[in-house]
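Notes for the structure review
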Amino acid sequence: ARYQSCRCRAPFLAVLLLLAPPLLGGEAARPTAAVVDFEIDKGVPAEVATGRAVASLLQTHLQTQLKDEFQLVSRDAVEKLLQEQKFSQSALADEATQKAMGKILGADYLVTGNVVSLGGVLTITATVVKVETGEIWRSRRVSAKKAEEFTARLLDLAQALKLPDADYERAEAN
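These figures come from a predicted structure and were not determined experimentally.

Residues Thr32 and Ala34 line one face of strand 1 (residues 32–35) and the alternating positions Ala33 and Val35 line the opposite face, and both faces are buried. Note that strand 1 and strand 3 (residues 71–72) share two bridges and pair parallel. Considered in strand 3, the bridge of alanine 33 is made with leucine 72. As judged from the three bridges shared by strand 1 and strand 4 (residues 109–118), these two strands associate in the parallel manner. For valine 35, the partnering residue across the bridge sits in strand 4 and is valine 111.

See the structure below:
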C-alpha cells in the first residue's frame, strides 16, 4: 500500500513541476544578447554616425522589437568592457574576441555591424552572431539615401532583424 501511494503521486508531481514556473510567475529563460559598437567606414561623416551612437540607437529599438527573443545586456556594461579590455573595433570581427567578450558579458549572442557609404548612400548592416559557435543567427541591412533618414532606418533594421529569413527576402524583393 505504501508503494502504491508513491505511484499515484508521481504523475501529480510531474504535472506540478511542468506548471510551477508559470504559476509562480517564472518564464523560460531567453538567451542574452549584447550590442557592440558598430564599425563606421571612413566615408561616413562623424556627424552622421559613430559606432557607439549606432549601437545605442539600435539597442533601444531592439528592446521593443526582439524582447520576446532576447534579454539585452546594458550598453553601459558593454562600453565599460570595451574600455577596460581595450577591444578595438577590428578585433570585434574576430571570432575568438567575440567569444571572449560574450563570455565576460554573459551574452549568448553579439549584435555587431557596420555603416558604409557607397555612392552617397549609407548602408547599415547588423549581424547577430551566436557567441559559442560563431554561427550567424541573422544578418540584415538597410540603406538611407540622406543623412536625415539614418535614425529612422535603424528602427527598420531592428524590425528586419525580427523577420525570419523567408519573410525578409520577400520584403527585400518588393
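Turning to the pattern of salt bridges, a few remarks are in order. Scanning the entire structure with this criterion turns up four salt bridges. A salt bridge links arginine 75 to aspartate 37; the shortest N-O distance between them is 2.5 Å. One end of the pair, arginine 75, is in helix 3 (residues 75–85); the other, aspartate 37, is in the loop between strand 1 and strand 2 (39–40), with 38 residues separating them in the sequence. Of the two residues examined, arginine 75 and aspartate 37, each falls in the buried class. Between arginine 153 and aspartate 156 there is a salt bridge; the shortest N-O distance is 2.4 Å.

Another point: the nonpolar core. Counting 25 residues, the largest nonpolar core has Phe38, Val54, Leu58, Leu62, Ile124, Phe150 and Leu157 as its most contacted members. Sort the elements by how many residues they give to this core and helix 5 (residues 150–162) lands first, with five residues. Those residues in contact with isoleucine 124 that sit more than four places away from it in its chain are Phe38, Asn114, Val115, Arg140, Arg141, Val142, Phe150, Arg153, Leu154 and Leu157. If you look at the next biggest cluster of nonpolar residues, it comprises eleven residues, including Val36, Leu82, Leu110 and Val131.

A few words on the side chain of histidine 61. Following the sequence through the fold, histidine 61 ends up in helix 2 (residues 51–65). Ignoring any residue separated from it by four or fewer positions in sequence, one finds histidine 61 in contact with Thr151, Leu154, Leu155 and Ala158.

Within the span of helix 4 (residues 95–105), buried status applies to Thr97, Gln98, Met101, Gly102 and Leu105. Burial along helix 4 is one-sided: seen end-on, the buried residues are contained in an arc of 130 degrees. Seen from the open side of helix 4, the exposed residues pointing more than 90 degrees away from its buried face are Ala96, Lys103 and Ile104. Turning to helix 4, the residues buried within the fold contact strand 1, helix 3, strand 4 and strand 5 (121–130). Positive phi appears at glycine 106, one or two residues downstream of helix 4, with a value of about 75 degrees.

Take the packing of helix 3 against helix 4 next. As a packed pair, helix 3 and helix 4 sit with axes 11 Å apart at the nearest point and diverge in direction by 130 degrees. Of the possible angle classes, the one that applies to helix 3 and helix 4 is oblique. The hand of the helix 3/helix 4 crossing is right-handed. Contacts between helix 3 and helix 4 involve Ala77, Val78, Leu81 and Leu82 from the former and Met101, Ile104 and Leu105 from the latter. Residues that form the contact of helix 3 with helix 4 fall into these classes: seven nonpolar, no polar and no charged.

The rules behind each value
- Residues numbered from 1 in each chain as written.
- Predicted model: local features only at pLDDT ≥ 70, side-chain atom pairs only at ≥ 80, totals over all residues.
- Heavy atoms only, no water.
- Buried < 20%, exposed > 50% of the residue type's maximum accessible area, 1.4 Å probe, protein only.
- Helix = DSSP H or I, 4+ residues; strand = E, 2+ residues; numbered from the N terminus.
- Pairing = 2+ DSSP bridges.
- Salt bridge = Lys/Arg side-chain N within 4 Å of Asp/Glu carboxyl O.
- Core = buried A, V, L, I, M, F, W, Y, C linked by side-chain atoms within 4.5 Å.
- Contact = heavy atoms within 4.5 Å.
- Arc of directions from axis to C-beta.
- Axes fitted to C-alpha atoms, helices over the stretch in contact; angles between N-to-C directions.
- Parallel < 35°, antiparallel > 145°, perpendicular 65-115°, else oblique.
- Left-handed = near helix turned anticlockwise from the far one by under 90°.
- Nonpolar A, V, L, I, M, F, W, Y, C, P; charged D, E, K, R; others polar.

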